Amino acid sequence: MTIPETIAIDGPAASGKSTLGKRLADAFGYLFFDTGVMYRAITLVAGQKELDLRDEAGVSALAENTEIDVQNPSREDGRNCDILADGQDVTWQIRRPEVEANVSLVSSYQGVRQALTEQQRRIGLRGRVVMVGRDIGTVVLPEAQVKIYLDASAEERARRRCLELTLRGEPACYEEILAAMRERDRFDSTRQIAPLRPAEDAIILNSDGMDADQVFENTKIIVETRLSADHITDERS
Ligand code: DC
């Protein structure tokens, strides 16, 4: 069964998934839901509570008991939305280096994935959503109508991340970012549960050498073609 009007976008860190997802969501009038923020929020809160991040049972219990909410932006400071963890605004804190360094470990825990996947699936099943992550097409929403796997080389992604940090006035070392990116790719794609990989029926796009506008325009055509092809098939059956 396919859930109409659902778009899943998966791919490695900094491949441009969120930028693309937000623009597609705006273009189609769908909800934009970046699932990575949930794993980041749990990692942040675990740090605030001084939990041992290697304690899988403790971190999983935290994921089960923490309410993460994504709401329309309350401030104009560059945010796409507000991310709340038990009511606390964590929108920018979840981008900090200490979260970046630990989120792969936290997201590899079965209990954490189970708790967050359930919440994500509930939102996805409502339809009219662009959902972005690592395992949306394979695990969270295998019934998505359109599945995109957005890839780019580690070098290109590290360059983009570097530029992003520099524009925000934060320190950025290309070599360090590239090394961390490779390590995160390795961890995310070799973990036992829900590893990063394209779904069998995903359209794979490599965005090397393309800017955000080109990625968006190409993908929008692919999505429109897919949505209207399914619509015509539905009408005939
Ligand atoms: O997309 P991001 O960089 O914000 O994701 C942060 C981490 O969360 C990343 O290391 C992989 C993990 N993640 C995941 O395992 N599954 C998802 N659906 C989304 C993110």
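Refer to the structure printed above.
Residues numbered from 1 in each chain as written. Predicted model: local features only at pLDDT ≥ 70, side-chain atom pairs only at ≥ 80, totals over all residues. Heavy atoms only, no water.

Student: Any details on the overall build of the protein chain? Residues and values, ideally.
Tutor: From N to C terminus, the protein chain includes 9 helices and 8 strands. The dimensions of the protein chain, computed from C-alpha atoms along their principal axes, are 60 × 40 × 40 Å. Per-residue burial for the protein chain yields a buried fraction of 46% across its 237 residues. Taking contacts inside the protein chain between residues at least 6 apart in sequence as the whole, the part at least 24 apart equals 71%. Looking at the protein chain as shown, the accessible area adds up to about 12,100 Å², and 49% of this sits on carbon and sulfur atoms. (Helix = DSSP H or I, 4+ residues; strand = E, 2+ residues; numbered from the N terminus. Buried < 20%, exposed > 50% of the residue type's maximum accessible area, 1.4 Å probe, protein only. Contact = heavy atoms within 4.5 Å. Areas by Shrake-Rupley, 256 points an atom, 1.4 Å probe, with all protein chains shown as cover.)

Student: Go over the nonpolar core with me, naming the residues and quoting the values.
Tutor: Core analysis: the largest hydrophobic core is formed by 34 residues, its most contacted members being I42 and V112. Mapped onto this core, the elements with two or more residues apiece are β1 (3–10), α2 (36–48), α3 (56–65), β4 (82–85), α4 (97–107), α5 (110–124), β6 (129–133) and α6 (136–140). The leading source of residues in this core is α2, at 8 residues. Residues in contact with I42, not counting those within four places in the same chain, are V59, L62, A63, T66, I68, V106 and L116. In this structure, I7, I9, V132 and V223 belong to the second largest nonpolar core, which totals 18 residues. (Core = buried A, V, L, I, M, F, W, Y, C linked by side-chain atoms within 4.5 Å.)

Student: Explain the site of the ligand residue by residue, including any values.
Tutor: What surrounds the ligand is a group of 16 residues, the closest being R40, R113, R134, D135 and R191. Within the side chain of R134, one N or O atom sits 2.8 Å away from an oxygen atom of the ligand. R184 places a side-chain nitrogen or oxygen 3.0 Å from an oxygen atom of the ligand. Those elements giving two or more residues to the shell around the ligand turn out to be α2, α4 and α8 (174–190). For the shell around the ligand, a count of residues per class yields 3 nonpolar, 5 polar and 8 charged. (Near = heavy atom within 4 Å. Polar contact = N/O pair within 3.5 Å; in protein donor to acceptor, adjacent residues only side chain to side chain. Nonpolar A, V, L, I, M, F, W, Y, C, P; charged D, E, K, R; others polar.)

Student: Provide a residue-level description of the side chain of R184, including the pertinent values.
Tutor: Relative to the assigned elements, R184 resides in helix α8. Once residues lying within four places of it in the same chain are set aside, the contact partners of R184 are A13, R40, E100, V103, S104, R134 and R161.

Student: Go over the packing of α3 against α5 with me, naming the residues and quoting the values.
Tutor: Orientation of α3 relative to α5, taken along the N-to-C sense of each, is 10°, at an axis distance of 8 Å. Considering the angle they form, α3 stands roughly parallel to α5. Residues E56, V59, S60, A63 and E64 of α3 touch α5, and the partners they reach there are Q110, G111, V112 and A115. Classifying every residue of the contact of α3 with α5 gives 4 nonpolar, 3 polar and 2 charged. (Axes fitted to C-alpha atoms, helices over the stretch in contact; angles between N-to-C directions. Parallel < 35°, antiparallel > 145°, perpendicular 65-115°, else oblique.)

Student: Let's hear about α4: which residues, and what values?
Tutor: Within α4, burial applies to V99, V103, S104, V106 and S107. With its buried residues spanning 165° around the axis, α4 presents them on a single face. Exposed side chains of α4 directed beyond 90 degrees from the buried face belong to P97 and A101. On its buried face, α4 is in contact with α2, α3, α5 and α8. (Arc of directions from axis to C-beta.)

Student: Any chance you could break down the packing of aromatic side chains for me, citing the residues and the numbers?
Tutor: Summed over the entire model, instances satisfying the criterion amount to 1 aromatic pair. Measuring from ring centre to ring centre gives 5.7 Å for F28 and Y30, while their planes differ by 40°; the resulting arrangement is tilted. Summarising the burial analysis for this pair, F28 and Y30 share the class buried. (Phe/Tyr/Trp six-rings, centres within 6.5 Å; stacked < 30°, edge-to-face > 60°.)

Student: If you had to explain α2 to someone new, which residues and values would you point to?
Tutor: The terminal C-alpha atoms of α2, which comprises 13 residues, lie 19 Å apart, in line with the 18 Å expected from a rise of 1.5 Å per residue. Within α2, 10 of the 13 residues are buried, leaving the element largely enclosed by the surrounding structure. Where α2 is concerned, the buried positions are V37, M38, Y39, R40, A41, I42, T43, L44, V45 and A46. Looking one or two residues past α2, E50 carries a phi angle of roughly 55°, positive in sign. (Expected span 1.5 Å × (residues − 1).)

Student: Pulling in residues and values, what's your account of the sheet that holds strand β5 (residues 88–89)?
Tutor: With antiparallel pairing, 3 strands are arranged side by side in an open sheet as β3-β4-β5. Each having just a single partner strand, β3 (68–71) and β5 make up the two edges of the open sheet. Here 4 bridges tie β3 to β4, and the two strands are oriented antiparallel to one another. Bridging across to β4, V70 finds its partner in I83. (Pairing = 2+ DSSP bridges.)

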